[in-house]
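Working through the structure, step by step
Letter by letter, the chains look like this.
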Amino acid sequence: MADVTQSPVMPGHGGETRRDFLILTGAALGGVGAAIAAWPLIDSLNPARDTLALSTTEVDLSPVQAGQRLTVVWRGKPVFIDHRTPEEIKAAQEVDASTLRDPQKDADRVKKPEWLVMVGVCTHLGCIPLGNKPGDDRGSFGGWFCPCHGSVYDTSGRIRQGPAPFNLVVPPYEFTSDTAIKIG
Amino acid sequence: MAVPSHPAPSAGPRNRILRWIDYRLPFWEVVQHDFMEYPAPRNLNYWWNFGSLAGIILVIMIATGVVLAMHYQPNADLAFDSVERIMRDVNYGWLLRYIHANGASMFFLIVYIHLFRGLYYGSYKYPRELLWMLGVVILLLMMATAFMGYVLPWGQMSYWAATVITNLFSAIPVVGNDIVTLLWGGFTVGNPTLNRFFSLHYLLPFVIVAVVLLHLLALHQHGSNNPLGIDKRGPQDAITFHPYYTIKDMFGLCVFLLVFAIFVFYLPNQLGHPDNYIPANPMVTPNHIVPEWYFLPYYAILRSVPNKLLGVILMFGAVLILFLLPWLDTSRVRSARYRPIYRLVSWLLPIDAVILGYVGSQPPAGYIVTMGQLATIYYFFHFLILLPILGKIERPLPLPLSIAEAVLGPRRPAAAGEGE
């Protein structure tokens, strides 16, 4: 009697029934549907269009003298712009990149050697390193020093001492003229 | 009384980790007992889909609401713009907001049908009085939540709805005005009002969830009512909730989601008011203010009474009277199928509610006023006079002996009722 309602076993399929097939495909389709339905909820938490609209920053470099450091805001984060002196450039270029924790040549970190542009966020746990204001502790390599956990960066923004794993990040930017850049 | 049939208790989960958990926290056991093996009458029709639909739309409302709250600013200066930002800038913000706004309408539509199901089949009668009353509590909480949610976009309709509804409390003698000031946190609806409405709009849905759980607990005490309105007498009268009613509920859910999707994608503002896209202006009241459709009947009752206090009392009374329904209806027979007069009379109430809804949507002038007053009188007449008298004078039809007999015919042996 019960056999009448039970789907017949499909021949040659090791006891799998039509019902198993329907349950599996039905559940799979339901799972995909639920994931698709959840996506708008999750994606709404990504940056909204008005947030993305603020994702470029233009900076006029003409007032920045050699030896001066400037902090601008890009995507809510500080970006360090360093108008480096010839000595600082020389110090950065002379380092043997292969000895560094995050090996990178100075030339790979700048578009014009006198302008160093970096996101001013320590790659350890996100504090803002000191060194961009006159009188700040620049650490023992004359670059930047993070007060939170003691990471020391050189004049190319590369990690030299302390817990940070990577060099300060160079954001995407371009020179829109000789004395102006657009970050982002 | 019939003892609900329980199929042989399952051995529990096969997975050892699940077994370990179940021994300490009987989660799976509860799911099995209350959502799978739960013995439901074998004759439930599609009117019984609306309970699970209401539960699902509640989850949808909470899910979209929690995310919307992450983008919304409950500040009188920022609220309107933040809602527009949700519509224009936030990824899928338009979708979440339209689901949430139309979801409120769908929630009320489902609950009103669910409520009428209870009225028609006498689901409020012994021994389900508390089950019914918890349902009315849920309805009241939903109304409060919906009203406060409607205020949050801080458009013209939001603002004036808040003003009018809070002013209802000024009808209370002596302390009315002080209560209204307390509700506002100021001398008019303003930023403090918006802040507290946001807080409560976020809180109340979770209170609803708690009362829903009580509603389910009460439901499972004596089991679902059914279209025949008679008790289960044995295992042959029941089938397991899973897979029979899970699959039926899922089919109903698909149909419902189609209707819901038509509103969300093609008619997202059909149920709203264009005036709510005008930022709140405390200096100008819109020419014609009406509540959302699901409040129109109550609104019509309020306007039909020329006395302020009495109007407010009758408006709240229109809902509160449902609490007394189990005792106002004097008939012992549950289902309208076996009550030849009530079977017709029961439809007069939803018809009356639709008339009241129409009256509420129209400017109160001319014949509309009279129509509203007559409909208001009928509404209370139905509960206070018709139902008590009808139970005494109506002669019910003979009830079937059992659900199985009514469904399968008298000659089937009882053993054939095994679900499989």
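Residues numbered from 1 in each chain as written. Chains lettered and ligands numbered in written order. Predicted model: local features only at pLDDT ≥ 70, side-chain atom pairs only at ≥ 80, totals over all residues. Heavy atoms only, no water.

Looking at the packing of helix H11 (residues 296-304) of chain B against helix H14 (residues 367-393) of chain B
Residue and element names in this part refer to chain B.
- Closest axis-to-axis distance for the H11/H14 pair is 9 Å, and the angle between their directions is 110°. The pairing of H11 with H14 is recorded here as roughly perpendicular in orientation. Facing H11, whose interface residues are Ala300, Ile301 and Ser304, H14 presents Gly372, Gln373, Thr376 and Phe380.
- When grouped by side-chain class, the residues that make up the contact of H11 with H14 number 3 nonpolar, 4 polar and no charged. (Axes fitted to C-alpha atoms, helices over the stretch in contact; angles between N-to-C directions. Helix = DSSP H or I, 4+ residues; strand = E, 2+ residues; numbered from the N terminus. Parallel < 35°, antiparallel > 145°, perpendicular 65-115°, else oblique. Contact = heavy atoms within 4.5 Å. Nonpolar A, V, L, I, M, F, W, Y, C, P; charged D, E, K, R; others polar.)

Re the state of the cysteines
Residues and elements named next belong to chain A.
- Inspection of the entire model under this criterion finds 1 disulfide over all chains.
- The disulfide partner of Cys127 is Cys148, and the S-S distance across this bridge is 2.0 Å. Looking along the S-S bond of the Cys127-Cys148 disulfide, the torsion reads about -95°, which is the left-handed sense. Remark: Cys148 occurs in the loop between strand E5 (142-145) and strand E6 (152-154) and Cys127 occurs in the loop between strand E4 (115-119) and E5; sequence separation between them is 21 residues.
- Not engaged in a disulfide, the cysteine Cys146 finds its nearest cysteine sulfur in Cys122; these two sulfurs lie 3.8 Å apart. (Disulfide = S-S within 2.5 Å.)

Some thoughts on the interface of chain A and chain B
- The interface is formed by 16 residues belonging to chain A together with 14 residues belonging to chain B.
- Of the roughly 1,200 Å² buried between chain A and chain B on both sides combined, carbon and sulfur atoms contribute 56%.
- It is A:Leu41, A:Ser44 and A:Arg49 in chain A that bury the most area against chain B; as a group they hold 38% of the surface buried on that side.
- Taking the shortest distance from any N to any O, the salt bridge between B:Arg85 and A:Asp50 comes out at 2.5 Å.
- Our enumeration of links across chain A and chain B arrives at 6 residue pairs in polar contact (both at pLDDT 80 or more).
- Contributing elements (two or more residues each) for the side of chain A that touches chain B: helix H1 (2-5), helix H2 (18-43) and helix H3 (49-52) of chain A. (Buried area = accessible area lost by both parts, 1.4 Å probe. Salt bridge = Lys/Arg side-chain N within 4 Å of Asp/Glu carboxyl O. Polar contact = N/O pair within 3.5 Å; in protein donor to acceptor, adjacent residues only side chain to side chain.)

Things to note about the nonpolar core
- Judged by nonpolar contacts, the single largest core of 106 residues is most densely connected at B:Leu119 and B:Phe383.
- When neighbours within four sequence positions are excluded, B:Phe383 is seen to be in contact with B:Ile321, B:Leu322, B:Leu325, B:Leu328, B:Leu349 and B:Pro388. (Core = buried A, V, L, I, M, F, W, Y, C linked by side-chain atoms within 4.5 Å. Buried < 20%, exposed > 50% of the residue type's maximum accessible area, 1.4 Å probe, protein only.)

Focus: a nonpolar patch on the surface
- Together, A:Trp39, A:Ile42, B:Tyr92, B:Trp94, B:Ile262, B:Phe265, B:Tyr266 and B:Leu267 give the surface a local cluster of nonpolar side chains, amounting to about 820 Å² of exposed area.
- Elements that contribute at least two residues to the nonpolar patch include exactly H2 of chain A together with helix H10 (241-266) of chain B.
- Sort the elements by how many residues they give to the nonpolar patch and H10(B) lands first, with 3 residues.
- Tracing the backbone shows B:Leu267 in the loop between H10 and H11.
- For B:Leu267, a relative accessible area of 31% corresponds to the partly exposed category. (Patch = residues over 30% accessible without salt bridge, like charges linked within 9 Å, V, L, I, M, F, W, Y side chains within 5 Å. Areas by Shrake-Rupley, 256 points an atom, 1.4 Å probe, with all protein chains shown as cover.)

Examining the side chain of A:Asp154
All names here are of chain A.
- Within the secondary structure, Asp154 sits in strand E6.
- Separated by 2.9 Å, the side chain of Asp154 and the backbone nitrogen of Arg158 make a polar contact.
- Contacts of Asp154, omitting those with residues within four sequence positions, involve Phe141, Gly143, Trp144 and Arg160.

Quick look at the confidence of the model for chain A
- A residue-level look at chain A finds 92% of positions with pLDDT of 70 or above and a mean pLDDT of 89.
- The weakest mean pLDDT in chain A belongs to H1(A) at 44; the strongest belongs to E4(A) at 95. (pLDDT = per-residue confidence, 0-100.)

A closer look at the sheet that holds strand E2 (residues 69-74) of chain A
All names here are of chain A.
- The 3 strands are arranged E2-E3-E4 in an open sheet whose pairing can be described as antiparallel. Each edge of the open sheet carries a strand with a single partner, namely E2 and E4. Averaged over all neighbouring strand pairs, the angle between strand axes comes to 20°, with direction disregarded.
- As defined by bridge partners, strand E3 (residues 77-83) adjoins E4 across 5 bridges and the pair is classed as antiparallel. Bridge pairing links Phe80 to Met118 in E4. (Pairing = 2+ DSSP bridges.)

Side note on unusual backbone geometry
All names here are of chain B.
- A cis geometry characterises the amide bond from Tyr126 onward to Pro127, with omega recorded as 5°.
- Relative to the helices and strands, Pro127 is located in the loop between helix H5 (93-120) and helix H6 (129-151).
- Cis geometry is adopted by the peptide bond preceding Pro243, which originates at His242 and carries an omega value of 5°.
- Among the secondary structure elements, Pro243 is positioned in helix H10.
- Phi angles above zero are rare outside glycine, and Tyr92 is one such case at about 60°.

What about the domain arrangement of chain B?
Residues and elements named next belong to chain B.
- Per the domain assignment, the segments of chain B are domain 1 (30-284) and domain 2 (290-401).
- Using only C-alpha atoms to locate each centre, domain 1 and domain 2 end up separated by 22 Å.
- Every contact between the two is made by 46 residues of domain 1 and, on the other side, 38 residues of domain 2.
- When the two sides are added together, the surface that domain 1 and domain 2 hide from each other amounts to roughly 3,700 Å², 67% of it contributed by carbon and sulfur.
- Of all residues in domain 1, Tyr120, Lys125 and Leu168 bury the most surface against domain 2, accounting for 18% of the area lost on that side.
- Joining domain 1 to domain 2, the criterion identifies 2 salt bridges.
- With its nearest N and O atoms 3.3 Å apart, the salt bridge here joins Arg334 to Asp231.
- The set of elements that each furnish at least two residues to the side of domain 1 that touches domain 2 consists of H5, H6 and helix H7 (156-167).
- Tallying contributions element by element places H6 first for the side of domain 1 that touches domain 2, with 11 residues. (Domains from an automatic or database assignment.)

As for the side chain of B:His215
- Mapped onto the fold, B:His215 is located in helix H9 (residues 191-222).
- A distance of 3.1 Å separates the side chain of B:His215 from the backbone oxygen of B:Leu131, its partner in a polar contact.

Some thoughts on the environment of A:Val95
Residue and element names in this part refer to chain A.
- Along the polypeptide, Val95 turns up in the loop between helix H4 (86-94) and E4.
- Spatially, the C-alpha atoms of Val95 and Asp106 are 8.5 Å apart, while their sequence positions differ by 11 residues.
- Residues in contact with Val95, not counting those within four places in the same chain, are Leu100, Arg158 and Arg160.

Here we look at the packing of aromatic side chains
- Applying the stated criterion to the full structure yields 30 aromatic pairs over all chains.
- Ring centres 6.2 Å apart and planes at 65° place the aromatic pair B:Trp47 and B:Phe116 in the edge-to-face group. Of the two residues, B:Trp47 sits in the loop between strand E1 (39-41) and helix H3 (50-69) while B:Phe116 sits in helix H5, which places them 69 residues apart along the sequence.
- An aromatic cluster of at least three residues, connected via ring pairs, comprises B:Trp47, B:Trp48, B:Phe116, B:Tyr120, B:Tyr121 and B:Trp347.
- Its end group placed over the ring of A:Trp144, A:Arg69 keeps NZ or CZ at 3.8 Å from the ring centre.
- Lying over the aromatic face of B:Tyr46, B:Lys248 brings its terminal NZ or CZ to 4.5 Å of the ring centre. (Phe/Tyr/Trp six-rings, centres within 6.5 Å; stacked < 30°, edge-to-face > 60°. Lys NZ or Arg CZ within 6 Å of the ring centre and 35° of its normal.)

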